[in-house]
Amino acid sequence: MCDRLGQCPGCKRGPLTGPNPTDRGELGSKIHLICDRNGLPLSLGISGANMHDSLGLEPLVRSIPPIRSRRGPRRQRPAKLHADKGYDYDRLRRWLRERGSRHRIARKGVESSQRLGSVFK
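It should be emphasised that the depicted structure is a prediction, and the values quoted were computed from it without experimental measurement.

## Some words on the side chain of S47
Okay, so step 1: Take S47: it is sitting in strand β2 (residues 41-48).
Okay, so step 2: Among the polar contacts listed, one links the side chain of S47 to the side chain of H32, at a separation of 2.8 Å.

Here's what the structure looks like:
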């Protein structure tokens, strides 16, 4: 089945075709979520589709409630944070370090974000 231009669905239209100009600044929303290692949601945030991912990390980490532990005081912040390439910025790494949280953020153009939850050898 072809469209009105004779193109099959899913086929590219040529090497000089650029991005669709009507998709810029599109309306909608993104859901940002922080989970513990068992998949239990700790913090949830919703932002506009045209807002950059890196701007949503700080409010999301700040909104994590105190975590109950078996011994000692309640933990106020995560000890370690794993994130994908959308959060790969020096200012976010510095901010997490100042808060006392270790981070594991995939680097753009270097690492695959699929290995973030695995043990590195």
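## As for helix α2 (residues 90-99)
Okay, so step 1: Among the residues of α2, L92, R93, W95 and L96 are the ones counted as buried. Projection of α2 onto a plane perpendicular to its axis shows the buried side chains occupying an angular sector of 165°, all on one side. The exposed set on the far side of α2, more than 90 degrees from its buried face, consists of D90, R97 and E98.
Okay, so step 2: Residues of α2 that are buried in the fold lie against α1 (57-62), β3 (80-83) and β4 (102-105).
Okay, so step 3: Of the residues one or two after α2, G100 is the one with positive phi, at around 90°.

## Details of the pairing of β2
Okay, so step 1: Where strand β1 (residues 29-35) and β2 come together, seven bridges link them in antiparallel fashion. Bridge assignment links H32 to a residue of β2, and that residue is G45.

What counts and how
- Residues numbered from 1 in each chain as written.
- Predicted model: local features only at pLDDT ≥ 70, side-chain atom pairs only at ≥ 80, totals over all residues.
- Heavy atoms only, no water.
- Helix = DSSP H or I, 4+ residues; strand = E, 2+ residues; numbered from the N terminus.
- Polar contact = N/O pair within 3.5 Å; in protein donor to acceptor, adjacent residues only side chain to side chain.
- Buried < 20%, exposed > 50% of the residue type's maximum accessible area, 1.4 Å probe, protein only.
- Arc of directions from axis to C-beta.
- Contact = heavy atoms within 4.5 Å.
- Pairing = 2+ DSSP bridges.

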